[in-house]
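Single-letter residue listing:
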Amino acid sequence: MTAYVALVRAVNVTGTGMLPKEKLKAMGEACGFDNVRTFINSGNLLFASEFGEAEVRERMERQVADHFGKPLQVYVRSRREMAAAVANNPFKDDKPSRVMAHFIDEKPVKAMLDEARDLAGERLALGPRLIYVSYGEGIGKTKLKLPAIKKGTARNMNSVAKIAELLAGME
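The structure reproduced in this document is the subject of the present report. (Residues numbered from 1 in each chain as written. Predicted model: local features only at pLDDT ≥ 70, side-chain atom pairs only at ≥ 80, totals over all residues. Heavy atoms only, no water.)

### Some words on the environment of Leu 113
As a reminder of what qualifies: By definition, any uninterrupted DSSP run of H or I lasting at least four residues is a helix, any uninterrupted run of E lasting at least two residues is a strand, and each is numbered from the N terminus. Note on contacts: a residue pair qualifies if any of its non-hydrogen atoms lie within 4.5 Å across the two residues.
Note on placement: Leu 113 falls in helix 4 (residues 110-114). Between the alpha carbons of Leu 113 and Ser 97 there is a distance of 21 Å; along the sequence they are 16 residues apart. Once residues within four sequence positions are removed from consideration, Leu 113 is found in contact with Leu 124, Ala 125, Leu 126, Ile 131 and Leu 146.

Spelled out as C-alpha cells, the structure:
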C-alpha cells in the first residue's frame, strides 16, 4: 500500500468551491481507498491505496466532477513526494505560511520561472513536480504572474509539512 494525498484544485472554505471534509472523505471511501481522512477544509484527502497514481487520480477526478458538475484537477502525491517537498524547500529562512508549494503536473523547468512577471521581492525555485514561491510580505499583496502555476494548486509549507507528517504514519 502507498500513502497518498489528493490535492483538489479550487476548493475553498466558503463560496462556490466548497467541498466539506465529510463529503471529501466519503468520495475517497467511494473510490475504494483505505485509511481515508482529510486535513483542513481545503481539499486535502489522505489515504492508502494499492492503486497507482494514475488510477487514484482518475477515480478522484470522477468523484469531484460529480460533486461540482464540472471537471476539476486533482493532484496526487505519494508520501515520499510530500516528504521530498518539505526537505527540498529552499526558502526555510522565510515563514512557512509565506512559502507556497504550487503543485503542477508538468516537470518543472527553468523556462517556467523565466516567464514570471511583476516580481516584487518574491523568490522562485523549482521542486519535485512543484514550484516554490516565497511571497516575502505575504501572498495577499503579491502582483506576481507566473503562468506555470495557473493550472496548479497551492499549499503553504505549514500544510505541506503537516500532510507529510500525517502520511508518514499511514504506510
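On we go.
### Things to note about the packing of aromatic side chains
Stated formally: In summary, the pairing rule links any two rings of Phe, Tyr or Trp, Trp by its six-membered ring, whose centres are within 6.5 Å, and it sorts them by plane angle into stacked for under 30 degrees, edge-to-face for over 60 and tilted for everything else.
The final tally for this structure, using the stated rule, is three aromatic pairs. Arranged with centres 5.8 Å apart and planes meeting at 35 degrees, the rings of Tyr 4 and Phe 47 form a pair that is tilted. On the criterion of sequence distance, the pair formed by Tyr 4 in strand 1 (residues 2-8) and Phe 47 in strand 3 (residues 44-49) is long-range, its members being 43 residues apart. An aromatic cluster is built from Tyr 4, Phe 33, Phe 47 and Phe 51, whose rings are joined through pairwise contacts.

### Some words on the side chain of Arg 155
Note the following rule: Between buried and exposed lies partly exposed: a residue is buried under 20% and exposed over 50% of the maximum accessible area for its type, with that area taken using a 1.4 Å probe on protein chains only. The charged-residue count follows a simple rule in which Lys and Arg add positive charge and Asp and Glu add negative charge, with His and chain termini not counted at all. When a carboxyl oxygen of Asp or Glu is within 4 Å of a side-chain nitrogen of Lys or Arg, the pair counts as a salt bridge. The term polar contact refers here to a pair of N or O atoms within 3.5 Å; inside protein, the definition further demands a hydrogen-donor-capable atom paired with an acceptor-capable atom, and it admits residues adjacent in sequence only when both atoms are side-chain atoms.
Of note, Arg 155 is situated in strand 8 (residues 153-156). Despite its burial, Arg 155 remains without a salt bridge, the nearest opposite charge being carried by Glu 61 at 12 Å. Among the polar contacts made by the side chain of Arg 155, one reaches the main-chain carbonyl oxygen of Gly 43 at a distance of 3.3 Å. Not counting residues up to four positions away in its chain, the partners in contact with Arg 155 are Leu 7, Val 8, Ser 42, Gly 43, Asn 44, Val 99, Met 100, Ala 101, Phe 103 and Val 160.

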